[in-house]
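Survey of secondary and tertiary structure
If you want the building blocks of each chain, they are given just below.
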Protein chains: 2
Amino acid sequence: MRQADDVMPCDAAEITDWDATADVVVVGFGAAGSTAAFSAAEAGAQVLVVERTGGPGGAAALAEGIVYLGGGTPVQRACGFEDSLDDMYRYLMAACGPDPDQAKISRYVEESLGHFDWLVARGVPFDPTFCAETQMAPTGTEGLVYSGGEDAYPFNEIARPAPRGHLARTKRSTGWLLMQHLATAATEAGATAWADTRIDRLVVSGGHVVGVQGQRFGETVSFRARRGVVLTAGGFVFNDDMLRRHCPPLVRGTFKVGTEGDDGRGIRMAQALGAAVRNMYAGEVSLPIIPPRKLVHGILVNGRGQRFINEDTYMGRVGQAALYEHDGEAYLIVDEACYEPNWMGLAASWVCETTAELEAEMGLPAGSLQATVELYNRHAASGEDPLFHKGRNWVRPLVPPIGAIDLRVGPAPYAPFTLGGLETTVDGAVLDLKGDPVGGLWAAGRTTAGVCSFGYASGLSIGDSTIFGRLAGAAAAAAPTTA
Amino acid sequence: MRQADDVMPCDAAEITDWDATADVVVVGFGAAGSTAAFSAAEAGAQVLVVERTGGPGGAAALAEGIVYLGGGTPVQRACGFEDSLDDMYRYLMAACGPDPDQAKISRYVEESLGHFDWLVARGVPFDPTFCAETQMAPTGTEGLVYSGGEDAYPFNEIARPAPRGHLARTKRSTGWLLMQHLATAATEAGATAWADTRIDRLVVSGGHVVGVQGQRFGETVSFRARRGVVLTAGGFVFNDDMLRRHCPPLVRGTFKVGTEGDDGRGIRMAQALGAAVRNMYAGEVSLPIIPPRKLVHGILVNGRGQRFINEDTYMGRVGQAALYEHDGEAYLIVDEACYEPNWMGLAASWVCETTAELEAEMGLPAGSLQATVELYNRHAASGEDPLFHKGRNWVRPLVPPIGAIDLRVGPAPYAPFTLGGLETTVDGAVLDLKGDPVGGLWAAGRTTAGVCSFGYASGLSIGDSTIFGRLAGAAAAAAPTTA
């Protein structure tokens, strides 16, 4: 038996016994895998889903469960928000950049309204209520949140703001409920699942993917795919070696978002066959500051006491900036009027009568925080923030006594996951290094590079996974049989 | 004939006629290729070097030509500098990070003194004189410069500073002279060269590399390698598509450093065989501000009027920070005492009686530059820079009238090249995605990920290329024959 980390392809001629055969073999039973399996099965294909853990769910089942959808969904309309596909497109092109995948964003937007209906038809319930306090899953069952800084600079000037983070009807983390419905949908559509089975490599015949091979309870297992294999095996945030090679800032992330299955195996087994990757340096990094949203009246500074971002933007953008560009050193400066310990108990580590005392206690260079607060307050007196364009609602001078919440890596949780992966077409075909599809191979979800090249909004992972998972499953089901 | 961008491997069984056969085939005749060819030939191997342009030289021949060497070279000693291998090691481990390749740095340092002698033995002349004004090639023939901020924070606190940038005896760009000697050395050692021949893909037999295939004047050509192939085909800064996938900030670089041959073909043809890469996001970005070095008395600010780095560090670190973290927006604020147009004619675009007027003319947010200058001047009055630790020699208050040199992308040249590439052992063996050597395949130079994971010093590219080129050539020559 080959080593688990041996992702190099296996020649079909070496396999004498196939443990099972299907038209389409889906690797991974998370958000992308379940939707790929559903759509392949719905198209009439015989589908086998192979999952390394004991059952379906993947990272999505552990997640907040936000699905990024817009253009005027029933939930958006019920909550009184106007939205258009055009605004959604312009927001995504700006927020997912630099240089995001335009073809995927276009398709994502086109599919958005239909995908909402599709989720509802799969039984996923949504409360038509809005929560303004958070960019994550609310503590209640509200079905809609701002999840990407749509209402903050610069996006509020690029597209009409609308909240597009949709959540299934349950409290806090809602991904488990979403996944329950998606996994059931796949199974009811006819897909068969093998659990506790980890796929390690692709099986090829004449350069064409005809199956997969892996391990189940210490035995080698091989599955034949007559039409195609769909890789939906997650990202690589749980593989420190891959992070060091491709995405070193995320090594320091303290609350990795995903499962231990996010070890990049799906990416590597396709790369071993000459598949191309992109955006491997990109990572989303949530720094969960709000709720309460009134904390946004404070100012974020780095280790030199300098501001670095508009505090009212998406907390995932704050985390990216802090970890990638400021060495994971950030502080939120607050006054009494805007302060209270945040939802996860992050409280002020320092409180002083003056900014001068505060900067001294924090160990910031003398005068640095004072200069920053003075400049901020001077403009804030007239509701302006010419440096970072925080919205007027959140801009007013900070009044001593003044304190700081320690948002450095360690005291604060940095919650990263990877955004880079296999290069795929809109239909999920995996492309090789010369730009041609690898025969018999599709992929979706965090195994691929999705709509985001670097910027992110909450809900785009499950959106990527489920929208493009459906397309990949359908494409694999429609491929000609190889035997 | 296959397309030029078809880097997928070719099976040896498809080749009926080999155009030439050698023990070792070296792809590319630049700094890495010439040294690999020399050492393979010196070890008794029959060597063929295949070069896509009309002759030897590669990017090194167009370069400043700095070679990073230390530990007490004859040039360092003649110039009165003490250096040790330990200081060189500690500097490199700090400056080449985060998390640089420790094994390669150790070997690089061990080889350093012997490599200097080896270059001299190849006829490369060095003037035993030091130039303090520049971090690049001097206008004179001086043989030694500080080329990596060794004498600036934080490196001056990590290792005893010593200049380690060595230059062959000629004015300004010295790479052509270095390459003349290295190419001659390879040829005199017995290597045969084919020019005007572009290699597009590897030829494999049973997963082992046994040759290469490419084009020469429109015809397909194939070369058999009995012992091994050494890829020394440059980086990928001239391939915008690869930059967009792996290293988007460099797309904006205006003065790409390299040749059009730096299209990443060497990296991709190995990846197509399952080779691993690392550090693909890393790029060196020179922003050539000094000489004159007195400009370092000024302060660098970003588009918010904030300082972001100690101005006395290596200009390659300044360029990286400006392009990767500040959107390519930087300005050097100067007063009369420190100002003169720099060596390439960059002059002050704005000059004003007061900082307030200057920030208004520059379009910076009101008060932002004033706050920065006030804070800087307050500390500078006592020779301190607690924010960025610029050295005392360069710290004194700025006195109006005050001006700014426009260092934005466009007005100023940003000169990037890529640092990421194939994962190799110290001996140049190319590793696959499971960490095993790809049989018959070695690599060196910018085709590989060298000693730098992100940070850089001038001279490390030619150092990487020539030190590890020699090792790779020797290793390939010592491999068993496949036929």
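Conventions we followed
- Residues numbered from 1 in each chain as written.
- Chains lettered and ligands numbered in written order.
- Predicted model: local features only at pLDDT ≥ 70, side-chain atom pairs only at ≥ 80, totals over all residues.
- Heavy atoms only, no water.
- Helix = DSSP H or I, 4+ residues; strand = E, 2+ residues; numbered from the N terminus.
- Buried < 20%, exposed > 50% of the residue type's maximum accessible area, 1.4 Å probe, protein only.
- Contact = heavy atoms within 4.5 Å.
- Areas by Shrake-Rupley, 256 points an atom, 1.4 Å probe, with all protein chains shown as cover.
- Phe/Tyr/Trp six-rings, centres within 6.5 Å; stacked < 30°, edge-to-face > 60°.
- Pairing = 2+ DSSP bridges.
- Expected span 1.5 Å × (residues − 1).
- Salt bridge = Lys/Arg side-chain N within 4 Å of Asp/Glu carboxyl O.
- Least-squares fit on C-alpha atoms with pLDDT ≥ 70 in both.
- Buried area = accessible area lost by both parts, 1.4 Å probe.
- Polar contact = N/O pair within 3.5 Å; in protein donor to acceptor, adjacent residues only side chain to side chain.
- Lys, Arg positive; Asp, Glu negative; His and termini not counted.

The number of helices and strands found in chain A is 13 helices and 20 strands. Once the C-alpha set of chain A is aligned to its principal axes, its extents read approximately 75 × 45 × 35 Å. Scored against the burial criterion, the 483 residues of chain A give a buried share of 64%. Long-range pairs, those at least 24 residues apart, make up 75% of the contacts in chain A with a sequence separation of at least 6. A total accessible area of about 15,800 Å² is found for chain A, and carbon and sulfur atoms account for 50% of it.

Turning to the packing of aromatic side chains, a few remarks are in order. All names here are of chain A. Under the criterion given, the structure shown has 27 aromatic pairs over all chains. Pairing phenylalanine 81 with phenylalanine 130 gives two aromatic rings, centres 4.7 Å apart and planes at 65°, and the pair type is edge-to-face. Here the residue phenylalanine 81 occupies a position in the loop between helix 3 (74-78) and helix 4 (85-95), and phenylalanine 130 occupies one in the loop between helix 5 (102-121) and strand 5 (144-145), the gap between them amounting to 49 residues. A centroid spacing of 5.2 Å and a plane angle of 75° characterise the contact between tyrosine 281 and tyrosine 324, whose relative ring orientation is edge-to-face.

Here we come to the pairing of strand 16 (residues 402-406) of chain B. Residue and element names in this part refer to chain B. A large share of strand 16 lies buried, amounting to 5 of its 5 residues. Side chains Ile402, Ala404 and Asp406 of strand 16 all project onto a buried face; the interleaved residues Gly403 and Ile405 project onto the opposite face, where all are buried too. Judged from the 5 bridges that link them, strand 14 (residues 331-335) and strand 16 form a sheet pairing that is antiparallel. By the bridge assignment, tyrosine 331 is partnered in strand 16 with aspartate 406. Bridge count between strand 15 (residues 348-352) and strand 16: 4 bridges; the pairing is antiparallel. The residue of strand 16 that forms the bridge with tryptophan 350 is alanine 404.

For helix 7 (residues 175-188) of chain A, with 14 residues, the first-to-last C-alpha span of 20 Å sits near the 20 Å given by 1.5 Å per residue. Residues of helix 7 of chain A that are buried include every one of A:Gly175, A:Leu177, A:Leu178, A:Met179, A:Leu182, A:Ala183, A:Ala185 and A:Ala186, and no others.

This next bit is on the pattern of salt bridges. Inspection of the entire model under this criterion finds 64 salt bridges over all chains. B:Asp99 serves as the salt-bridge partner of A:Arg244, at 3.8 Å between the closest nitrogen and oxygen. Taken together, the residues span two chains, with A:Arg244 in helix 8 (residues 240-246) and B:Asp99 in the loop between helix 4 (85-95) and helix 5 (102-121). Classification of A:Arg244 as partly exposed rests on a relative accessible area of 33%. Taking relative accessible area as the criterion, B:Asp99 reaches 46% and is therefore assigned partly exposed. As a salt-bridge pair, A:Asp432 and A:Lys434 come within 2.9 Å of each other at their nearest N and O atoms. Linked through salt bridges whose partners overlap, the residues forming this network are A:Arg52, A:Arg198, A:Asp200, A:Asp263 and A:Arg265.

Looking now at the sheet that holds strand 4 (residues 67-68) of chain A. All names here are of chain A. Spatial strand order, 4-6-5: 3 strands in an open sheet with antiparallel pairing. Each having just a single partner strand, strand 4 and strand 5 make up the two edges of the open sheet. In terms of strand pairing, strand 4 meets strand 6 (residues 165-166) through 2 bridges, oriented antiparallel. Across the sheet, the residue bridging to valine 67 is histidine 166, located in strand 6.

Take the sheet that holds strand 5 (residues 144-145) of chain B next. All names here are of chain B. In spatial order, the strands read 4-6-5; together these 3 strands make up an open sheet with antiparallel pairing. Here the strands that pair on one side only, and so sit at the sheet edges, are strand 4 (67-68) and strand 5. Bridge analysis of strand 5 against strand 6 (residues 165-166) gives 2 bridges, and the strand direction is antiparallel. Bridge pairing in strand 6 places valine 145 opposite glycine 165.

This brings us to the relation of the copies chain A and chain B. Of the transformation superimposing chain A on chain B, the axial component is 0.0 Å and the angular component is 180°, with the fit at an RMSD of 0.0 Å. When the rotation and shift are considered jointly, the pair of chain copies conforms to a two-fold rotation axis. Looking at chain A, 100% of its interface residues are interface residues in chain B too, so the copies touch through the same face.

Quick look at the interface of chain A and chain B now. On the side of chain B, 37 residues touch chain A, which itself brings 37 residues to the contact. Overall, the association of chain A and chain B removes approximately 3,400 Å² of surface from exposure, summing both partners, and the carbon and sulfur fraction of that is 57%. Summed over the three residues of chain A that lose the most area to chain B, namely A:Arg245, A:Leu433 and A:Lys434, the buried surface amounts to 19% of that side. The interface formed by chain A and chain B holds 4 salt bridges in total. Applying the counting criterion to the chain A and chain B interface returns 8 residue pairs in polar contact (both at pLDDT 80 or more). Of all the secondary structure elements, the ones that give two or more residues to the side of chain A that touches chain B are helix 8, helix 9 (265-271), strand 11 (277-278), helix 10 (315-325) and helix 12 (368-380) of chain A.

Our next topic: the side chain of A:Glu359. By secondary structure assignment, the location of A:Glu359 is in helix 11 (residues 355-362). For A:Glu359, which is buried and forms no salt bridge, the nearest opposite charge comes from B:Arg378, at a distance of 5.2 Å. Only 2.4 Å separates the side chain of A:Glu359 from the backbone nitrogen of A:Gly367, close enough to count as a polar contact. Residues contacting A:Glu359, with those up to four places away along its chain left out, are A:Leu364, A:Pro365, A:Ala366, A:Gly367, A:Ser368, A:Leu369 and A:Gln370.

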